[in-house]
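Chain by chain, the residues:
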Amino acid sequence: MKEKEWLVRTFVRNADEVHLDSVRRQTGQLGGVVGIVINLVLFAVKFTAGSLFHSIAVQNDGINNLTDAFSSIVTLVSFRMSGKPADHDHPFGHARIEYIAASIVAVVVLLIGTELFKSSLAKIVHPEDVLFSWITIGALLFSILVKLWLFTWNKFLGRRIGSSVMEATAIDSLSDVLTTSAVLVSLLIAQLFHLRIDGWMGAAVACFILYSGLRILKETMDQILGRGPAQETTRQLEAIILGHTGVLGLHDLMVHDYGPHRTYASVHVEVDAGVDILFSHELIDDIERDIERDMGIHLVIHLDPIVTDDPVANEMKALVARLLAEVDTRFAFHDFRMVKGQTHSNLIFDVTAPFDCRMGDQEIKDRFQRLLAAHDPRLFSVITVDRGDEQV
């Protein structure tokens, strides 16, 4: 760990100020440079050894390191570009460039993996004897040790600057350790038992490269398309908001990810309608500041005043809760209000239905209205259906 701290403090100005975009960018670029140098060295060593001693598995493992070097180059460039400040055309900054860069890497990895698989199939159909060499064994052992260090290095950087890209790179380095270990075992088996499994092992390495490319592509596509927030994030947001005196409830919490350190959220917060509006406004200002300070999330709150001292409205609200549970126990509702008339009354509210609910919006409304009319034909419901997780 000491050498990692030394590297960061030597090449990153103000290294401890990790909350600054400039420090985060420099740290990510340092990780990219180290990855490029190490992977190019490993590629040269293993590809040379594999060519000299006719091992397609060792060659493929070396080309895998070359793809890692390319990934590090893209990471290096993306950290530099994503650090650009917001402008008129991109008001939320450029941090999502990291996700786009990762998707480019994934496509390149898939193309290389496909070509390696084809060459491995040719070696399976036309096998050749692999020349055993302690030089090759030494090269693979060297690669395993270096990749283990690179795993701990990327993990260290990922935790230091809160980068999912670096964390993913760390996992990729650990996977390379397993892949290279498998190649090493195949060479030893070939030497001890005279089995021609080099082509098969090369195909296995190629399949692993393809799997890695698909995994990276899926993760980055989820981030670009707009993946939902982690449950831990929503729970922490809810806990901080509900922890403030005067908050009666919350709903419609949405979190938007515009890249690392670029998270925005919006929520509706319920407060007592009888409380002075200036006090409620001060309350939501305090909540927004607390979320920004504790979680680094830019939160915008919509204030929902709730009438709490109307016994008839409270009775109707309890009725809605009971009838809605008969439709589906997972349903939640919010923004309830009652409009009284001489011949009938309207109960107006929003229903939150889970994503996996198979009922359509109109079916939900019709089922609830039938239950409500059976209770009292003078009551009518005006429902807006939202889709999402159950809200507090």
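Scroll up to find the structure.
Residues numbered from 1 in each chain as written. Predicted model: local features only at pLDDT ≥ 70, side-chain atom pairs only at ≥ 80, totals over all residues. Heavy atoms only, no water.

Below, the discussion takes up the overall build of the protein. When helices and strands are counted, the protein shows 11 helices and six strands. Along the three orthogonal principal directions, the C-alpha set of the protein runs to about 95 × 50 × 35 Å. Out of the 392 residues belonging to the protein, those deemed buried represent 45%. For the protein, the exposed surface amounts to about 20600 Å²; the carbon and sulfur share of it is 62%. In the protein, 35 positive and 49 negative side-chain charges are present, and the distance between their average locations comes to 7 Å. (Helix = DSSP H or I, 4+ residues; strand = E, 2+ residues; numbered from the N terminus. Buried < 20%, exposed > 50% of the residue type's maximum accessible area, 1.4 Å probe, protein only. Areas by Shrake-Rupley, 256 points an atom, 1.4 Å probe, with all protein chains shown as cover. Lys, Arg positive; Asp, Glu negative; His and termini not counted. Charge placed at Lys NZ, Arg CZ, Asp CG, Glu CD.)

Taking 1.5 Å per residue as the helical rise, helix 2 (residues 21-52) with its 32 residues ought to reach 46 Å, and the 46 Å between its terminal C-alpha atoms agrees with that figure. Once helix 2 finishes, H54 follows within two positions and takes phi at roughly 60°, a positive value. (Expected span 1.5 Å × (residues − 1).)

Consider a sheet: its strands pair through backbone hydrogen bonds, and that pairing is either parallel or antiparallel. What the three strands build is an open sheet, ordered 4-5-6; its pairing is mixed. Where the open sheet ends on each side, the last strands, each with one partner, are strand 4 (332-340) and strand 6 (379-387). Neighbour to neighbour, the strand axes of the sheet diverge by 15° on average, direction disregarded. Where strand 4 meets strand 5 (residues 345-353), seven bridges bridge the pair, whose relative direction is antiparallel. The partner of M338 across the bridge, within strand 5, is L347. Strand contacts of helix 10 (residues 311-327): strand 4, strand 5 and strand 6, with the helix running at about 135° to strand 4, the strand carrying the most contacts. Lying over the sheet, helix 11 (residues 361-375) contacts strand 5 and strand 6, oriented at roughly 150° with respect to strand 6. (Pairing = 2+ DSSP bridges. Axes fitted to C-alpha atoms, helices over the stretch in contact; angles between N-to-C directions. Contact = heavy atoms within 4.5 Å.)

Helix length check: helix 11, at 15 residues, gives a terminal C-alpha distance of 22 Å against a target of 21 Å (1.5 Å per residue), a fit within 8%. Close packing links the buried residues of helix 11 with helix 10, strand 5 and strand 6.

Our next topic: the packing of helix 4 (residues 97-125) against helix 7 (residues 198-225). In contact at an axis separation of 8 Å, helix 4 and helix 7 are set at 160° when each is read in the N-to-C sense. Between helix 4 and helix 7, the angle is such that the two are roughly antiparallel. Seen along the crossing, helix 4 lies across helix 7 with a hand that is left-handed. By residue class, the composition of the contact of helix 4 with helix 7 is 21 nonpolar, nine polar and two charged. (Parallel < 35°, antiparallel > 145°, perpendicular 65-115°, else oblique. Left-handed = near helix turned anticlockwise from the far one by under 90°. Nonpolar A, V, L, I, M, F, W, Y, C, P; charged D, E, K, R; others polar.)

Another point: the packing of aromatic side chains. The tally for this structure, following the rule as stated, stands at seven aromatic pairs. Residues F333 and F336 carry aromatic rings whose centres are separated by 6.4 Å and whose planes lie at 80° to one another, so their mutual orientation is edge-to-face. Of the residues examined, F333 reaches a relative accessible area of 22% and is grouped as partly exposed. A residue is classified by how much of its surface remains accessible, and F336, at 13% relative accessible area, is buried. (Phe/Tyr/Trp six-rings, centres within 6.5 Å; stacked < 30°, edge-to-face > 60°.)

The strand order across the open sheet formed by three strands is 1-2-3, and the pairing between neighbours is mixed. At either end of the open sheet lies a strand with only one pairing partner, and these are strand 1 (247-257) and strand 3 (297-306). Mean inter-strand twist for the sheet, computed between neighbouring axes without regard to direction, equals 15°. Across the face of the sheet, helix 8 (residues 231-242) comes into contact with strand 1, strand 2 (263-272) and strand 3 while running at roughly 145° to strand 1.

It is worth stressing that arrangement in space is one thing and function is another; only the former is reported here.
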